[in-house]
Amino acid sequence: MTYKNLFTVLFLLGCALAHAQNDTITLKELVIADTQLRDFSQTQSVQQLTDSVMARSGASLTALLLANTAVYFKENGPGMVSSPSFRGTSAQQTAVIWNGLNINSQLNGQTDFSTVNARDFNRVSVRAGGGSVVYGSSAIGGSIHLDNELLFKKRFDNEFRADYGSFDTYGLNYKVQAGTEKYSINVSASRNSSQNRFRYPGHTLYNDNGQYHNSSYNAAFGYKISAKNILRFYSTLFSGERHFSRTLAAPSKSLYDDVNARNLLEWTGLYGNFTSRVKAAWLHEFFRYYEDFSSPLHSFGGVNTFIGRYDAMYHFTPKMKLNAIADVTTNQGSGSSFGKPDRTTYSGALLWSHVVSNVVTYEAGIRKESGSAYSSPLLFSGGGKFTISPLYAVRVNGSRNFRAPTYNDLYWNGTGNPNLKPEISTQAELSNVFTKFGASLTITGYYIRFKDMLRWLPGTDGVWRPENVDKARSYGAESVFGYNKTIGSHTVSLAATYSYTISKKDGNPYQLMYVPKHRAVASVFYAYSKLSVYYRHLFTGRVYFTSDDSGPINAYNVSGAGAEYTFKVLKGCSLGAQVNNLYDEQYMNVASRPMPGRNYNMYMIFKF
C-alpha cells in the first residue's frame, strides 16, 4: 500500500446559546457519542455484546456477530468479502453506525465486515428492525453499532493480545484506556495477516491467492472544558490488502487495496434541561482493484464525505424528552468508472420519548431528507413498551425506512441512472420479553414490505442498468435467550438465538437468494476460578444462489470450542486456545467457495 498513515485533524468552532432550567441534567461518568441508541431504542430489541464474548471471538466483526447474533453472513471465505443480512434483507439494507454516524460505503451502499476489527471497539451492539428515522439510509433490517466509550474517572489500563492460528494466521492488538475527572483516552492498534492457504474440504484444490493483511488504528479523546462543556474527538483508520481467492470453478490473480478513515469532533454543552451537541465529521473511503496483481493496470474509486450536524435535546421532565437533529452531508467522489460527481443531502429529524410510568413507555419520530441526488419520503417510527409484570413485557414498533441509491447506481459510466428513487420499506414488529431467575427470553414477530427495490437488469441492448422495479416482503420470527448464574467461584452462561425468515418478491413463490429460512446459534460457557471453557454451535439452513430455487447450497452445522486460563503467578496474563469447525464439517455459504475444515487458534493476553 502507498497509504501507510492517513490522519486528519478537524477543527470546528460552534456555539449554542440556552438558558438554564430549574431541574439539572448532570453529565454521567460514562460518555458515548451514540446517545440516540441509548435514549430512543426502548421499544426495539438491542443486543449488547459483552467484553468476555468479544474476547472469545475472532478479530473481524464477522466472526463476532456470526457466533453470537441472529445476523446471517454471506462470506466468500476467511478475510474475504463479508456481507450481513437482517431478517431477509440485503447488506445494503443493513446500517453500520460508528459512534453515532452511518458509515456504509457511498460506493456500493454497504459495509464489508472483513474491513472492521471488532477489537478496536469496547462496545458493540445489534439493533434489530427499522432505524432510518434515527440513522438514515440502509437502516431497514437492522443496524450494527460500534462505539468507543469515554470514562471520566482516574484509571490507567493496558492490554496486549497476540494470536497465532492455522494457515499462518497472525493477530496483534494493543489498547490503552486512561482517564481522570477531566480527561479520557481510549486508543487501540491492530495488525492481522494470513497466508490463508488451505485445502478445500472434499476437493483437491487449495484456497490459492487468498492471502491478506490489514492494520487498523482507533482513538477516542475526551476533555471536560468545564462543568457544562465537553469536547470529544474520535478517529479510526483501516488499511488493508487482500488477494481475492479462487473458486472451485476458476483460479484468481486479483488484488484489492482499500483505505477507510473516519474522524469526528463533537462539542457537547449541558445547560440545565437543555443539551446541545455540535458535530463535524470527515469520512474517507478509497480502493484500488487489480484483475492481475502482476500488472500495474487497475481500477479505483473513492469518496470523501463531510458531515455537519446539530443535535439538541430538551428534557421537559427526567422522563420526557425531545431530540431535534439537523445535518448536512456532502459527498465528493472520484473514480475510474464514475468520474467526479458530488452530491449534498440535507436532513432533519424529531425524536420523542416518554416514560409514562413503570408500566408504559412510548417513543415516536419523524425524519425528512432532501438533496441534489434524491429525495426520500417522510419517514416515521413509533413504538411502545408495556411492562405487564416483573416477569413479562411487550414491545411493539412500526416504521417507514429507506435506502438511498449509491454512487455506482447513479453515476456508473454509461449505465448509471440519475433518476433512481430510494428503496422504501414499511414494517411492524411485536416482541414478548420474559425474565425469570437470571434468564431472559425475547420472541419477536415482524413483517417488512418493500417497494422500488433497486436491481441491475439487462436492457434490450444487453447492457445492465439499475432500475426501481421490485416489490417484496419479508416476515418471520426470531428469539434471543440468555442465562447467567454465578455461585461462589462458579459461573455458567447460556445463550441462544433462532430466526425463521420468509423473504420473497411479489409474484415469485421462491425464497430470495441467500436468505436461509432457519438459522440458530447456541453457546455454553463455564468458568471456575482462573479457568474457563466454552462450546458454541451454529446451524444455517439451506439457501439458494439462483432466483428460482434451482441452485441450492446445503444446510450446515459448524461447532467451535475453547478454553482460557489466567495465571496466578503472572498477574494479568491469560492463555487461550480455540478449535474452529470442531467436527470438520464440509460446507459453503457462497456458491463455489468452500470454507476451511477444522482449524486452530491460540492467543495470549497481557493486562498491566
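It should be noted that the structure appears before, not after, this text.
This text gives an overview of the structure that appears in the document. In this convention, every chain numbers its residues from 1, walking through the sequence in written order. Since the coordinates come from a predicted model, pLDDT governs what is reported: local features require at least 70, and pairs of side-chain atoms require 80 or more to be given and counted, while whole-chain, interface and lining totals use all residues. By convention in this description, side-chain values take in all heavy atoms of the structure and omit both hydrogens and water.

### Some remarks on the overall build of the protein
- Strands are runs of DSSP state E lasting at least two residues, helices are runs of H or I lasting at least four, and both sets are numbered from the N terminus onward. For the protein, the helix and strand inventory stands at five helices and 35 strands.
- This radius of gyration counts C-alpha atoms alone. The globule rule is 2.2 Å times how many residues there are, raised to the power 0.38. Computed over the C-alpha atoms, the radius of gyration of the protein is 24 Å, within 12% of the 25 Å expected from 2.2 N^0.38 for a compact globule of 608 residues.
- Taking the principal axes of its C-alpha atoms as reference, the protein extends roughly 75 × 70 × 50 Å.
- Counting every position in the protein, which comprises 608 residues, the buried fraction comes to 53%.
- By element, 59% of the accessible surface of the protein is carried by carbon and sulfur atoms, the whole surface being about 26,300 Å².
- Between the mean site of the 60 positive side-chain charges and the mean site of the 42 negative ones, the protein shows a separation of 5 Å. Exposure categories follow from relative accessible area, calculated using a 1.4 Å probe and restricted to protein chains: below 20% of the type maximum is buried, above 50% is exposed, and the middle band is partly exposed. Here the accessible surface of atoms and residues is derived via Shrake-Rupley with a 1.4 Å probe, and residues count as covered only by protein chains that are part of the display. In this charge count, Lys and Arg are treated as positive and Asp and Glu as negative; neither His nor the chain ends contribute. One atom stands in for each charge, and that atom is NZ of Lys, CZ of Arg, CG of Asp or CD of Glu.

### A few points about the pairing of strand S20 (residues 360-371)
- Criterion used throughout: strands pair if DSSP finds at least two bridges between them. As paired elements, strand S19 (residues 342-355) and S20 share 11 bridges and run antiparallel to each other. If you follow Leu350 over to S20, its bridge partner there is Ile366.
- Here S19 hands over to S20 after four residues, the two strands then running antiparallel side by side.
- Across eight bridges, S20 lies against strand S21 (residues 379-389) in antiparallel orientation. Pairing of Glu363 across the sheet is with Gly383, part of S21.

### Section: the packing of aromatic side chains
- Classification of ring pairs uses Phe, Tyr and Trp, with its six-membered ring standing for Trp, and accepts pairs whose centres are within 6.5 Å; under 30 degrees between planes counts as stacked, over 60 as edge-to-face, and the remaining range as tilted. Evaluation of the coordinates by the stated rule reveals 17 aromatic pairs.
- For the ring pair Phe73 and Phe113, a centre distance of 5.4 Å and an interplane angle of 65° mean the geometry is edge-to-face. Remark: Phe113 occurs in the loop between strand S6 (101-102) and strand S7 (123-128) and Phe73 occurs in strand S3 (residues 72-75); sequence separation between them is 40 residues.
- Judged by relative accessible area, Phe73 falls into the buried class, the value being 1%.
- Where Tyr256 meets Phe287, the ring centres are 5.7 Å apart and the plane angle is 10°; that geometry is what we call stacked. One end of the pair, Tyr256, is in strand S15 (residues 255-271); the other, Phe287, is in strand S16 (residues 274-290), and 31 residues separate them in sequence. The burial state of Tyr256 is the same as that of Phe287; both residues are buried.
- Ring pairs connect the aromatic residues Phe244, Tyr256, Phe287 and Tyr289, which therefore count as one cluster.
- Residue placement shows Arg161 over the ring face of Tyr603; its charged tip is 4.0 Å from the ring centre.
- Should the NZ of a Lys or the CZ of an Arg lie within 6 Å of a ring centre and within 35 degrees of the ring normal, that charge is described as sitting over the ring. The ring of Tyr206 has Arg197 sitting right over it, with the charged end atom 4.3 Å from the ring centre.

### Some thoughts on the environment of Thr435
- Residue position: Thr435 is located in strand S23 (residues 423-436).
- Its relative accessible area of 38% is what places Thr435 among the partly exposed residues.
- Between the C-alpha atoms of Thr435 and Phe481, which are 46 residues apart in sequence, the distance is 9.9 Å.
- For Thr435, the contacting residues outside a window of four places in its chain are Pro390, Leu391 and Ser440. Only heavy atoms matter for contacts: two residues are in contact if any of them lie within 4.5 Å across the pair.

### Details of the side chain of Lys505
- Among the structural elements, Lys505 can be located in strand S26 (residues 490-505).
- It is Asp470 that comes nearest to the buried, bridge-free Lys505 among opposite-charge side chains, at 4.1 Å.
- Each residue touching Lys505, except ones within four places of it in the same chain, is listed here: Arg455, Asp470, Lys471, Ala472, Arg473 and Leu512. The rule for a salt bridge is simple: a side-chain nitrogen of Lys or Arg has to be within 4 Å of a carboxyl oxygen of Asp or Glu.

### A look at the pairing of S16
- In terms of burial, S16 is largely enclosed, as 16 of its 17 residues are buried.
- With 17 bridges connecting them, S15 and S16 associate as antiparallel partners. Across the sheet, the residue bridging to Thr268 is Arg277, located in S16.
- Here S15 folds back onto S16 in antiparallel fashion, the turn holding two residues, of which Gly272 has a positive phi close to 65°.

### Here we look at the environment of Ala95
- Position of Ala95 relative to the elements: it lies in strand S5 (residues 94-98).
- Classification of Ala95 as buried rests on a relative accessible area of 0%.
- Note: C-alpha distance between Ala95 and Tyr135 (40 residues apart in sequence) is 7.8 Å.
- Among residues more than four places away in sequence, those in contact with Ala95 are Asn102, Asn104, Ser137, Ser138, Ala139, Gly142, Ser143 and Ile144.

### With respect to the side chain of Asn263
- With respect to the secondary-structure elements, Asn263 resides in strand S15.
- Counted as a polar contact is a pair of N or O atoms within 3.5 Å, where, for protein atoms, one must be capable of donating a hydrogen and the other of accepting one, and residues adjacent in sequence contribute only when both atoms are in side chains. Looking at Asn263, its side chain comes within polar contact range of the side chain of Ser235, at 2.7 Å.

### Digging into a nonpolar patch on the surface
- Candidates for patches are residues over 30% relative accessible area with no salt bridge; among them, like charges are joined within 9 Å and nonpolar side chains (Val, Leu, Ile, Met, Phe, Trp, Tyr) within 5 Å. A surface patch of nonpolar side chains, amounting to about 690 Å² of accessible area, comprises Phe481, Val492, Leu494, Val524, Tyr526, Tyr528, Leu531, Val533 and Tyr565.
- Looking at the nonpolar patch, the elements with two or more residues in it are S26, strand S27 (518-528) and strand S28 (531-540).
- Ranked by residues supplied to the nonpolar patch, first place goes to S27 with three residues.
- As for its placement among the helices and strands, Tyr565 is situated in strand S31 (residues 556-566).

### Here we look at the nonpolar core
- Residues Leu61, Leu64, Leu65, Trp98, Val124, Ile144 and Leu146 are the most contacted members of the largest nonpolar core, which totals 32 residues.
- Every element with two or more residues in this core is listed here: helix H2 (51-55), helix H3 (61-66), S5, S7, strand S8 (142-147), strand S14 (229-242) and S16.
- Excluding residues within four positions of it along the chain, Leu64 makes contact with Leu49, Val53, Met54, Ser57, Ala118 and Val124.
- Here, the term nonpolar core denotes a set of buried Ala, Val, Leu, Ile, Met, Phe, Trp, Tyr and Cys residues that are joined through side-chain atoms within 4.5 Å. Counting 21 residues, the second-largest nonpolar core is a separate cluster that includes Leu37, Leu351, Phe402 and Leu454.

### Describing the pattern of salt bridges
- Considering all chains together, one arrives at 22 salt bridges under this definition.
- Taking the shortest distance from any N to any O, the salt bridge between Asp112 and Arg242 comes out at 2.9 Å. With a gap of 130 residues between them, Asp112 in the loop between S6 and S7 and Arg242 in strand S14 connect regions that are remote in the sequence.
- Of the residues examined, Asp112 reaches a relative accessible area of 15% and is grouped as buried.
- Residue Lys279 is joined to Glu266 by a salt bridge in which the shortest nitrogen-to-oxygen separation is 3.7 Å. Taken together, the residues Lys279 in strand S16 and Glu266 in strand S15 connect sequence positions 13 residues apart.

### Concerning the sheet that holds S7
- Pairing is mixed in the open sheet, where five strands are placed in the order S2-S7-S8-S5-S6. Edge positions in the open sheet fall to strand S2 (46-49) and S6, since each of these has one partner strand only.

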